[in-house]
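Next come the chains, spelled out residue by residue.
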Amino acid sequence: MATFLYKLGRLAFRRRHFVALIWVALLTLAGVGAASAPAAGNTSFSVPGTEAQKAFDLLEQRFPGMTADGATARVVFKAPSGEKMTAAANKKIVKKTVAELKDGSEVATVADPYKSGAVSKNGRIAYTSVRYKVSGMELADSTRDALKDAAQHARDAGLTVEVGGDALNTTPETGATEVIGIAVAAVVLVITFGSLLAAGLPLLTALIGVGIGISTIAALANALNLGSTTSTLASMIGLAVGIDYALFIVSRYRAELAEGREREEAAGRAVGTAGSAVVFAGLTVVIALVGLSVVNIPMLTKMGVAAAGTVAIAVLIALTLIPALLGYAGRKVRPAGEKSKLLGGGRKAEHPHKAGRPNMGTRWASFVVRRPVAVLLLGVVGLGVAAVPAGSLELGLPDDGSQPTSTTQRRAYDLLSDGFGPGFNGPLMVVVDAKASDHPKAAFKEVGKEIKGLKDVVTVTPAQPNKAGDTATITVIPKSKPSSTTTEDLVHAIRDKGADIKADTDAQVLVTGATAMNIDTSQKLNDALIPYLALVVGLAFLLLILVFRSILVPLKAALGFLLSVMAALGAVVAVFQWGWLSGLMGVEETGPIMSMMPIFMVGVVFGLAMDYEVFLVTRMREAYVHGEKPSQAVVTGFKYGARVVTAAAVIMMAVFSGFIGSSESMIKMIGFGLAVAVFFDAFIVRMAIVPAVLALLGKKAWWLPKWLDRALPDVDVEGEGLRTHDEGRPRDEDRELVSA
């Protein structure tokens, strides 16, 4: 592989005009596609195979006019102090608001609170339910404005009015912190390279890659039903790995220049060596992201595949566009150790083998090799302490109750809880399929009676049959809030009762609704975590065996990843569930951790963790293959790789931290979790635990059974083939190389 990539790098360097033209054309094509594509349509959440989803699908079949996936809104009214909503003046305001809400082409139904019994027992609070013909993402801005205007008119008339539901949901904003993250990355690159031009190359190529990826997602959003979160995640991952992959190749290019090689040769060698690591690091990220499809949640699958596509683009850009741009840059990209005149440089780069004061990476690695046991214990114990909060992990999906108290959705949620009880915000919809029953009406009554007998039930509405009379819906109001374990137990209790009812009446009982869907989703994600972990870690383990030609090095990499991901989950729980440093992170409301967070972090963090493992350890493997002792190979790996890996980790942390400013709790949580995970994995696992373990293992670290060594193809990540390639060159080509 190293030889192939070496030739590719030289070709891209020579044919830079052609390579640049291809990438500009792709960016233009993707941009035109995004601009001309129709807006994204319905992005409804579905979880195939769950009972809640089966009930949802049944509703669409048996209640065709119900628009089960249509947007909903609850306009909540509260009477002034000392008054009641049943007063004539307040009634007049509400009826006027209801009439105003009905005036819209996308409105399906608007309930009159005085006819539907939507007034609290104390008479202080009432609400009207609005159902729309289209989903929340498809609602026209004029419809949302009409909803807000109707609420404001009622406020102006003297009532307290708040609006809940998904009708007001809009595309999340990331805020200025995303730009700050990119700015931090730029500063780190300038410090690392000592050159504005060299620092600008990774940023430019990463932005091009993300631009192509995001534009492609936008172009396909309507056809593939892609939500806004998909593009946000793709930009987050694509930007981080795009900068890092380019950083590694540019760094290796400058190191090759410092060895005295000509620029085209240096570009070829940089792509042949660092590019090999980029390919395998990218493959681990792609495996982890595409592997999310095993969970069988369409939204998660689309997010993973879209992000994986952006990572693949980043790899291709690093292998082709970077050497092409290096060809354009010429002598403006200087050898390692030499700064530009603008940054106070102008001094010549020192030869890498010249004796002098060891760099920070060398000094740190030498310390770890001398004290491996102490460093290993300190690192493991530290991560173990950080992981302690993960033992209190509570999972759930966000609803209006997790919104900041400054939002109208959260205030509507609280008003409904005050007026009708905490369970009112999480009603359960029981669907009774009596098509196989001889007495459907009797079955409906039996289901309602059985549910009323369960504990933690406040209200059970009468069955509402469809036109055919073979299916009915029953609304159940729990006593507890939607995210409580008591409500979850009630869902399971109703389902258990359903088995007995089916045996007696041949009617099938299904529980659905947002609360039941959240419960089923959490369970599905929990059940999929171990198979997913086995699949992703197993495939990556085989890939790393191929890269490092070792059994223990990939095993150590996987165990180190488990430590870092558990510590990162502990940090997420501490901030978003316990509330530690919540003000600093902009977390206005604590609560359960998003259900998909653990499995998502396992996938993404594993891929990113293997990036640093591949980049750092391939340098060690390269030194070991070229004859150095195991302990010295560890030091050599840090001598050449520590500075770059450190810069890459800081850049990735900065990019991920930029998404903490998002207005959507899911993006905020993902950004924080990934930033913390990169910190733990890069600076504790890869920089401390990995060299300590390798120092303790010695030659055993690189042991591979002979039969397996013969069976595995030689991918030559460390570039050993390039030495043979040099030795076999004709003499008239020797001018292109500087003899060592």
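Residues numbered from 1 in each chain as written. Predicted model: local features only at pLDDT ≥ 70, side-chain atom pairs only at ≥ 80, totals over all residues. Heavy atoms only, no water.

Caption draft 1: The arrangement of the sheet that holds strand E1 (residues 72-78) in detail. Here four strands make up an open sheet; going across it, the order is E2-E3-E1-E4 and the pairing antiparallel. The open sheet has two edge strands, strand E2 (107-110) and strand E4 (160-164), and neither has a second partner. Taken over all neighbouring pairs, the strand axes of this sheet differ in orientation by 20 degrees on average, direction set aside. (Pairing = 2+ DSSP bridges. Helix = DSSP H or I, 4+ residues; strand = E, 2+ residues; numbered from the N terminus. Axes fitted to C-alpha atoms, helices over the stretch in contact; angles between N-to-C directions.)

Caption draft 2: Structural context of the packing of helix H8 (residues 196-224) against helix H11 (residues 298-329). Two elements in contact, H8 and H11, have axes whose closest approach is 8 Å; the angle formed by their N-to-C orientations is 145 degrees. Helix-helix and strand crossings are classified by hand; for H8 and H11 the assignment is right-handed. When H8 is examined against H11, the residues Leu197, Leu201, Leu204, Thr205, Ile208, Gly209, Val210, Ile212, Gly213, Ile217 and Leu224 are found in contact with a partner set consisting of Lys302, Ala306, Thr310, Ile313, Ile317, Leu321, Ile322, Leu325, Leu326 and Ala329. Here the contact of H8 with H11 is built from residues that sort into 16 nonpolar, four polar and one charged. (Left-handed = near helix turned anticlockwise from the far one by under 90°. Contact = heavy atoms within 4.5 Å. Nonpolar A, V, L, I, M, F, W, Y, C, P; charged D, E, K, R; others polar.)

Caption draft 3: Local environment of the packing of helix H1 (residues 2-14) against H11. Look at H1 against H11: their axes get within 7 Å of each other, and the N-to-C directions meet at 45 degrees. One element, H1, and the other, H11, form an angle in the oblique class. Remark: the crossing between H1 and H11 carries right-handed chirality. Here Leu5, Leu8, Gly9, Ala12 and Phe13 of H1 lie close against H11, whose contacting residues are Leu319, Thr320, Pro323, Ala324, Leu326 and Gly327. Counted by class, the contact of H1 with H11 contains eight nonpolar, three polar and no charged residues. (Parallel < 35°, antiparallel > 145°, perpendicular 65-115°, else oblique.)

Caption draft 4: Spatial organisation of the side chain of Ser550. Of note, Ser550 is situated in the loop between helix H17 (514-548) and helix H18 (552-577). A relative accessible area of 0% means that Ser550 is categorised as buried. Within the structure, the side chain of Ser550 is placed 2.4 Å from the backbone oxygen of Ala701, a separation counted as a polar contact. Sequence-distant contacts of Ser550, defined by excluding residues within four places in its chain, comprise Ile545, Ala701, Trp702, Trp703 and Leu704. (Buried < 20%, exposed > 50% of the residue type's maximum accessible area, 1.4 Å probe, protein only. Polar contact = N/O pair within 3.5 Å; in protein donor to acceptor, adjacent residues only side chain to side chain.)

Caption draft 5: The arrangement of unusual backbone geometry in detail. At Asn296, a position not held by glycine, the phi torsion is positive, near 65 degrees. By the element assignment, Asn296 lies in the loop between helix H10 (263-290) and H11.

Caption draft 6: Representation of helix H20 (residues 597-625). Relative to the 42 Å expected for 29 residues at 1.5 Å per residue, H20 spans 40 Å between its end C-alpha atoms, a close match to the ideal helical length. The largest bend in H20 is about 25 degrees, located at Val617. Of all 29 residues in H20, 27 are buried; the element is thus mostly enclosed. Two residues or fewer past H20, Gly627 is found with a positive phi of approximately 110 degrees. (Expected span 1.5 Å × (residues − 1). Bend = angle between axes of the 7 residues up to and from the residue.)

Caption draft 7: Structural context of a nonpolar patch on the surface. The grouping of Val294, Leu535, Leu539 and Leu542 at the surface amounts to a nonpolar patch, some 330 Å² of accessible area in total. Along the chain, Leu539 turns up in helix H17. (Patch = residues over 30% accessible without salt bridge, like charges linked within 9 Å, V, L, I, M, F, W, Y side chains within 5 Å. Areas by Shrake-Rupley, 256 points an atom, 1.4 Å probe, with all protein chains shown as cover. Salt bridge = Lys/Arg side-chain N within 4 Å of Asp/Glu carboxyl O.)

Caption draft 8: Fine view of the packing of aromatic side chains. Here the structure, examined in full by the defined rule, presents nine aromatic pairs. Both rings, one in Phe420 and one in Phe424, keep their centres 4.7 Å apart while their planes meet at 25 degrees; by these two values the pair is stacked. Per residue, the accessibility class of Phe420 equals that of Phe424, and both read buried. Centre to centre, the rings of Phe679 and Phe683 are 5.7 Å apart; their planes meet at 45 degrees, and the pair counts as tilted. A residue pair is termed a helical-turn pair when its members lie 3 or 4 positions apart in one helix, as Phe679 and Phe683 do in helix H22 (residues 665-697) at four residues. On the basis of relative accessibility, which here comes to 37%, the residue Phe679 falls in the partly exposed class. Phe683 gets classed as partly exposed once you look at its relative accessible area, which sits at 26%. Aromatic rings pair up to connect Tyr127, Phe420 and Phe424 into one cluster. Above the face of the Phe13 ring, Arg16 is positioned so that its terminal group lies 5.4 Å from the ring centre. (Phe/Tyr/Trp six-rings, centres within 6.5 Å; stacked < 30°, edge-to-face > 60°. Lys NZ or Arg CZ within 6 Å of the ring centre and 35° of its normal.)

Caption draft 9: Here's a closer look at empty space enclosed by the protein. Tallying each qualifying case throughout the model produces two cavities of 30 Å³ or more. As for the largest cavity, its lining consists of Thr205, Ala206, Gly209, Val210, Gly238, Gly242, Ala246, Ala314, Ile317 and Ala318. When residues of the lining of the largest cavity are traced back to their parent elements, those giving at least two are H8, helix H9 (228-258) and H11. No other element matches H8, which puts four residues into the lining of the largest cavity. Counted by class, the lining of the largest cavity contains six nonpolar, four polar and no charged residues. Along the walls of the second largest cavity sit Leu395, Leu525, Asn526, Leu529, Ser595, Pro598 and Ile599, which together make up its complete lining. Among the secondary structure elements, those contributing two or more residues to the lining of the second largest cavity are H17 and H20. (1 Å grid on protein atoms, 1.4 Å probe; cavity = no way out; pocket = protein on both sides within 12 Å on 5 of 7 lines; lining within 4 Å. Points joined across faces, edges and corners; volume = space filled by probe spheres on them.)

Caption draft 10: Fine view of the environment of Arg16. By the secondary structure assignment, Arg16 is in helix H2 (residues 16-36). It is 8.8 Å that separates the C-alpha atoms of Arg16 and Leu326, two residues lying 310 residues apart in sequence.

Caption draft 11: Here's a closer look at H18. With 26 residues, H18 should reach 38 Å at 1.5 Å per residue; the first-to-last C-alpha distance of 37 Å fits that figure. Summarising burial for H18: 20 of the 26 residues are buried, a large majority. Looking one or two residues past H18, Gly579 carries a phi angle of roughly 95 degrees, positive in sign.

Caption draft 12: Just the pairing of strand E9 (residues 471-478), in detail. The buried fraction of E9 amounts to seven of the eight residues, a majority that puts the element mostly inside the structure. Note: strand E7 (residues 457-460) against E9, three bridges, orientation antiparallel. Across the sheet, Val457 pairs through a bridge with Pro478, a residue of E9. Note: strand E8 (residues 464-465) against E9, two bridges, orientation antiparallel.

Caption draft 13: Representation of the nonpolar core in the model. With 183 residues, the main nonpolar core has Ile237, Tyr245, Val430 and Phe656 as its most contacted residues. Of all the elements, H22 adds the most residues to this core, at 18 residues. Once residues within four sequence positions are removed from consideration, Ile237 is found in contact with Leu289, Ala307, Val311, Val604, Phe656 and Leu674. In this structure, Ala71, Ile93, Leu147 and Ala150 belong to the second largest nonpolar core, which totals 25 residues. (Core = buried A, V, L, I, M, F, W, Y, C linked by side-chain atoms within 4.5 Å.)

Caption draft 14: Up close: the environment of Ala266. By the element assignment, Ala266 lies in helix H10. Sequence separation between Ala266 and Tyr253 is 13 residues; the distance between their C-alpha atoms is 5.5 Å. Setting aside its immediate chain neighbours within four residues, Ala266 contacts Tyr253, Glu256, Leu257 and Arg261.

Caption draft 15: Fine view of the confidence of the model for the protein. The pLDDT averaged across the protein works out to 83; a share of 90% of its residues lies at or above 70. Averaged over each element, pLDDT in the protein is lowest for helix H24 (residues 720-727) (58) and highest for helix H13 (residues 372-387) (94). Long-range and interchain partners of residues 349-353, a stretch whose pLDDT sits below 50, account for twelve contacts in this model, where long-range means more than four residues apart. The model gives residues 727-740 a pLDDT under 50, and that stretch makes 14 contacts with residues more than four places away or in other chains. (pLDDT = per-residue confidence, 0-100.)

Caption draft 16: Summary view of the environment of Pro358. The residue Pro358 is located in the loop between H11 and helix H12 (360-370) in this model. Counting along the chain gives 281 residues from Pro358 to Lys639, while the straight-line C-alpha distance between them is 8.1 Å.

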